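Take a look at the letters that make up each chain.
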Amino acid sequence: MKLVFAGTPEVAVPALDALIASDRHEVVAVVTRPDAVAGRGRKLVASPVAQRAEEAGIEVLKPARPRDEDFLARLREIGPDCCPVVAYGALLPKAALDVPARGWVNLHFSLLPAWRGATPVQHAVMAGDEVTGASTFLIEQGLDSGPVYGVVTEEIRPKDTSGDLLGRLAHSGARLLVATMDGIEQGDLVGRPQPADGVTVAPKITVEDAAVDWSAPALRVDRLIRGCTPAPGAWTLLGGERVKLGPVVPAPDAEGLAPDAQGLAPGEIGVTKKAVYVGTGSHPVRLGDVQAVGKRAMAAADWARGTRIEPGTRFGG
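All figures in this text were calculated on a predicted structure; none of them were measured in a lab. (Residues numbered from 1 in each chain as written. Predicted model: local features only at pLDDT ≥ 70, side-chain atom pairs only at ≥ 80, totals over all residues. Heavy atoms only, no water.)

### With respect to the packing of helix 1 (residues 13-21) against helix 2 (residues 48-55)
- In the contact formed by helix 1 and helix 2, the axes pass within 9 Å of each other and the chain directions differ by 25°. With respect to each other, helix 1 and helix 2 are oriented roughly parallel. Regarding helix 1 and helix 2, the two cross each other, and that crossing is right-handed. On helix 2, the residues touching Val 13, Leu 16 and Asp 17 of helix 1 are Pro 48, Val 49, Arg 52 and Ala 53.
- Residue composition of the contact of helix 1 with helix 2, by class: five nonpolar, no polar and two charged. (Axes fitted to C-alpha atoms, helices over the stretch in contact; angles between N-to-C directions. Helix = DSSP H or I, 4+ residues; strand = E, 2+ residues; numbered from the N terminus. Parallel < 35°, antiparallel > 145°, perpendicular 65-115°, else oblique. Left-handed = near helix turned anticlockwise from the far one by under 90°. Contact = heavy atoms within 4.5 Å. Nonpolar A, V, L, I, M, F, W, Y, C, P; charged D, E, K, R; others polar.)

Right under this line is the structure:
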């Protein structure tokens, strides 16, 4: 089939690579979000998908809005058979959905109908799901509600961050997307309607959502931080300033703390020679990396020595 691929971030690049490598389909163009300001120099930078397409000599379309008539006219002129999509990042209007004869097929990183929406992997980690996966489905006007062509499953490991999990799903999902294109081209793959039961929604996670609630149990604190790593990044307050936190380890027995100090209050910081513990609504967690405003991330013990944490100091508002 003649394909127009739509995607924007790094997680979409493995799928683009897999489709380019396919000997059964031709990626004739790529649709991606416009260049965005990035880095300390605040310069306009093309998306990872745009950069990869340009390296491969593929036409790149960057509409400000997919409903722009210039974009729609070019899409009709190209006349793709199908448009595979991975994390494009913009709502497709009906005028665009109607162009390819075999529709727009999205690779979504969940087992639909679970976790429809913008951040399915982050929500799966934060909810404590043991298994997730990726699904390919035909895009309709509803939110991730179209008939499903295929799925792959992936175990969520106890120490997985959303970045770890998304990295694995990007590659297994890429293979699924190619297999889906093959099946659609052959005419023997039919989408199955999603069940009405089991629908959950995964809205975008804001910076405010990533604030750690130290009154929550240690397990929930652990899941929140892993789910928000690497983005938007979990954080807490110390002395009125934000401190960014890497993954933590639930530590029922806070090694090195005096027995009378192991019952840390929620948000209370306990420092030993080799580790830093913080109290939660259940038992303490051991901090991993800590990043203060304007500084690089460092091991928690090094951060505590530089910050000179006094006994009784607490994280929180």
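### Re the nonpolar core
- Of all hydrophobic cores here, the largest spans 36 residues; its most connected members are Phe 5, Leu 19, Val 30, Val 86, Phe 109, Leu 177 and Met 181.
- Counting residues per element, the ones that place at least two in this core are strand 1 (2-7), helix 1, strand 2 (26-31), helix 2, strand 7 (104-108), helix 5 (120-127) and helix 6 (162-186).
- By residue number, the principal contributor to this core is helix 6, which donates nine residues.
- Among all residues touching Val 30, those that are not within four sequence positions of it are Phe 5, Leu 16, Val 49, Ala 53, Ile 58, Glu 59, Val 60 and Leu 61.
- Grouped together as the second largest cluster of nonpolar side chains are 28 residues, Ala 216, Ala 218, Ala 234 and Val 248 included. (Core = buried A, V, L, I, M, F, W, Y, C linked by side-chain atoms within 4.5 Å. Buried < 20%, exposed > 50% of the residue type's maximum accessible area, 1.4 Å probe, protein only.)

### A look at unusual backbone geometry
- In this chain, Thr 229 is followed by Pro 230 through a cis amide linkage whose omega measures 10°.
- Inspection of the secondary structure puts Pro 230 in the loop between helix 7 (218-227) and strand 10 (234-238).
- Note that the residue after Ala 231, namely Pro 232, is joined by a cis bond; omega there is 5°.
- Along the chain, Pro 232 turns up in the loop between helix 7 and strand 10.
- One non-glycine residue, Trp 115, lies in positive phi territory at about 55°.
- Tracing the backbone through its elements, the reader meets Trp 115 in the loop between strand 7 and helix 5.
- For Trp 115, a relative accessible area of 14% gives the class buried.
- A positive phi angle, close to 50°, is found at Asp 144, a residue other than glycine.
- Its relative accessible area of 11% is what places Asp 144 among the buried residues.

### As for helix 7
- Counting buried residues along helix 7, seven of its 10 residues qualify, which places the element largely inside the surrounding structure.
- What helix 7 keeps buried is the set Ala 218, Val 221, Asp 222, Leu 224, Ile 225, Arg 226 and Gly 227.

### Remarks on the sheet that holds strand 17 (residues 298-299)
- In spatial order, the strands read 10-11-16-17; together these four strands make up an open sheet with antiparallel pairing. The sheet is open, and its two edges are formed by strand 10 and strand 17, each paired on a single side.
- Where strand 11 (residues 241-245) meets strand 16 (residues 289-292), three bridges bridge the pair, whose relative direction is antiparallel. Within the sheet, the bridge partner assigned to Lys 244 lies in strand 16 and is Gln 291. (Pairing = 2+ DSSP bridges.)

### Some thoughts on the side chain of Glu 154
- By the element assignment, Glu 154 lies in strand 9 (residues 148-155).
- For Glu 154, a relative accessible area of 15% gives the class buried.
- For Glu 154, the side chain forms a polar contact with the side chain of Arg 168, separated by 2.7 Å.
- Every residue in contact with Glu 154, bar those within four places of it in the chain, is listed here: Val 131, Thr 132, Gly 133, Leu 165, Arg 168 and Leu 169. (Polar contact = N/O pair within 3.5 Å; in protein donor to acceptor, adjacent residues only side chain to side chain.)

### Focus: the packing of aromatic side chains
- Counting across every chain of the model gives two aromatic pairs.
- In this structure an aromatic cluster arises from ring pairing among Trp 214, Trp 303 and Phe 315.
- Sitting over the ring of Trp 235, Arg 242 keeps its end group 3.9 Å from the ring centre. (Phe/Tyr/Trp six-rings, centres within 6.5 Å; stacked < 30°, edge-to-face > 60°. Lys NZ or Arg CZ within 6 Å of the ring centre and 35° of its normal.)

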